[in-house]
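Residue strings, one per chain:
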Amino acid sequence: MNSPLFSLEGRTALVTGSSRGLGRAIATGLAEAGARVVLNGIDAARLANAADELRAKGYNVLVEAFDVTDEASVVAAFERLDAAGVAVDILVNNAGIQLRKPIVEFTIAEWHRVLETNLTSAFLVGREAARRMIPRGRGKVINIGSLMSSFARPTVAPYTAAKGGIKLLTQSMAAEWAEHGIQANAIGPGYMLTDMNEALTSNPQFDSWVKGRTPSRRWGRPDELCGAAIFLASSASDYVNGQIINVDGGMSAVL
Ligand code: GCO
Ligand code: CA
């Protein structure tokens, strides 16, 4: 039985980067909890495929293909939603990329691309959403951080710096928006089975490191983020602000 506390009926959720991976899984979970979902991505074909899959399950789905790193595109997308009478009640800033190499081998262009996609996007999309949530006196912002919001490992410096920024941007959003009835929180996925991590899951040494380092002794499944997402998107979290919930099998709790 769905507790009304966790119901998302009548609410609209925009999930950035939701044509695949964690974003698609989270969008599916929010739809299952009753939300109308607005899918976002830059690959129209992948986006259409994701929309078809969710609609086939009977969910209420809109599609907004825009580049979350481009201010004009983000502003235009929100103006289209305004014109269509679509109010974003729940924003999930999930869009992100990964690039792995030693710091000394990164180009400035690669650095900028990772920071823009993984961090600046949350500022751009969060700002537009909040400009509309503040007058309404309510809203939910869920930023997708990472274990890397708090811990580092070699070869993922730009991603880690961006995810560290996501954690403190979330706290900054809470600092300014809580008084307007908006709750801004983050989810920190652990090592999840996604395309982005294909190079890791297919590496026997890395695979055994993850399993040895994680108390649950396994990788996480993208759908295992849905519970935390539904919680943070629902009335159940109305007094939760500026927090990051690690969904990582316990990895961040142990040495
Ligand atoms: C890596 C991985 C990680 C995971 C996740 C961990 O190369 O270490 O890509 O960054 O994606 O972010 O929380
Ligand atoms: Ca990401």
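Residues numbered from 1 in each chain as written. Chains lettered and ligands numbered in written order. Predicted model: local features only at pLDDT ≥ 70, side-chain atom pairs only at ≥ 80, totals over all residues. Heavy atoms only, no water.

Asks: For the site of ligand 1, give the residues involved together with the corresponding values.
Replies: Around ligand 1 sit 14 residues, and of these Arg100, Ser146, Arg153, Pro189 and Tyr191 come closest. A distance of 2.7 Å separates an oxygen atom of ligand 1 from a polar side-chain atom of Tyr191. Between an oxygen atom of ligand 1 and a side-chain N or O atom of Asn197, the distance comes to 2.9 Å. For ligand 1, whose accessible area on its own is 330 Å², the fraction buried by protein is 97%. Across the shell around ligand 1, the residue classes tally to 8 nonpolar, 4 polar and 2 charged. (Near = heavy atom within 4 Å. Polar contact = N/O pair within 3.5 Å; in protein donor to acceptor, adjacent residues only side chain to side chain. Areas by Shrake-Rupley, 256 points an atom, 1.4 Å probe, with all protein chains shown as cover. Nonpolar A, V, L, I, M, F, W, Y, C, P; charged D, E, K, R; others polar.)

Asks: Please provide a residue-by-residue account of the pairing of strand β4 (residues 90–93), values included.
Replies: By the alternation rule, side chains of β4 split into Ile90 and Val92 and Leu91 and Asn93, which are all buried. Inspection of the sheet shows strand β1 (residues 12–15) paired to β4 by 3 bridges, in the parallel sense. Note on β4: the bridge partner recorded for Leu14 is Leu91. As paired elements, β4 and strand β5 (residues 139–144) share 4 bridges and run parallel to each other. Bridged to Val92 within β5 is Ile142. (Buried < 20%, exposed > 50% of the residue type's maximum accessible area, 1.4 Å probe, protein only. Helix = DSSP H or I, 4+ residues; strand = E, 2+ residues; numbered from the N terminus. Pairing = 2+ DSSP bridges.)

Asks: Quick one: what's the story with the packing of helix α3 (residues 71–83) against helix α4 (residues 108–136), residue by residue and with numbers?
Replies: The geometry of α3 relative to α4 is characterised by a closest axis approach of 9 Å and an angle of 30 degrees between their N-to-C directions. As judged from the angle between their axes, α3 and α4 are roughly parallel. For α3 against α4, the interelement crossing comes out right-handed. Touching Glu71, Val74, Val75, Phe78, Glu79 and Asp82 of α3 are Leu124, Val125, Arg127, Glu128, Ala129 and Arg132, all from α4. (Axes fitted to C-alpha atoms, helices over the stretch in contact; angles between N-to-C directions. Parallel < 35°, antiparallel > 145°, perpendicular 65-115°, else oblique. Left-handed = near helix turned anticlockwise from the far one by under 90°. Contact = heavy atoms within 4.5 Å.)

Asks: Describe helix α8 (residues 226–233), and please don't skip the residues or the numbers.
Replies: Within α8, 6 of the 8 residues are buried, which leaves it mostly tucked inside the rest of the structure. Taken together, the buried positions of α8 are Cys226, Ala228, Ala229, Ile230, Leu232 and Ala233. Elements that come into contact with the buried residues of α8 comprise α1 (21–32), β4, β5, β6 (182–189) and β7 (244–247).

Asks: Break down the packing of aromatic side chains for me, citing the residues and quoting the values.
Replies: All chains considered together, the criterion is met by 5 aromatic pairs. Seen from their ring centres, Phe206 and Trp219 are 6.4 Å apart, and the 40 degrees between their planes marks the pair as tilted. Linking Phe206 in helix α7 (residues 204–213) with Trp219 in the loop between α7 and α8, this pair joins segments that are 13 residues apart in sequence. Take Phe206 and Trp219: they sit in the same class, and that class is buried. Members of the aromatic cluster, joined through ring pairs, are Tyr191, Phe206, Trp209 and Trp219. We note Lys101 situated over the ring of Phe106; from NZ or CZ to the ring centre the distance is 5.7 Å. (Phe/Tyr/Trp six-rings, centres within 6.5 Å; stacked < 30°, edge-to-face > 60°. Lys NZ or Arg CZ within 6 Å of the ring centre and 35° of its normal.)

Asks: Residue-level account of the pattern of salt bridges, with values.
Replies: Per the counting criterion, the structure on display carries 15 salt bridges. Across the pair Arg24 and Glu53 runs a salt bridge whose closest N-O atoms are separated by 3.3 Å. On the criterion of sequence distance, the pair formed by Arg24 in helix α1 and Glu53 in helix α2 (residues 44–56) is long-range, its members being 29 residues apart. Residue Arg24 is classed as buried on the basis of its relative accessible area of 17%. Note on Glu53: relative accessible area 34%, which makes it partly exposed. The partner of Arg221 in a salt bridge is Glu224, with the nearest N and O atoms 3.7 Å apart. Accessibility expressed as a relative area gives 39% for Arg221, which makes it partly exposed. Connected via shared salt-bridge partners are Glu71, Asp82, Arg127, Glu128, Arg131 and Arg132. (Salt bridge = Lys/Arg side-chain N within 4 Å of Asp/Glu carboxyl O.)

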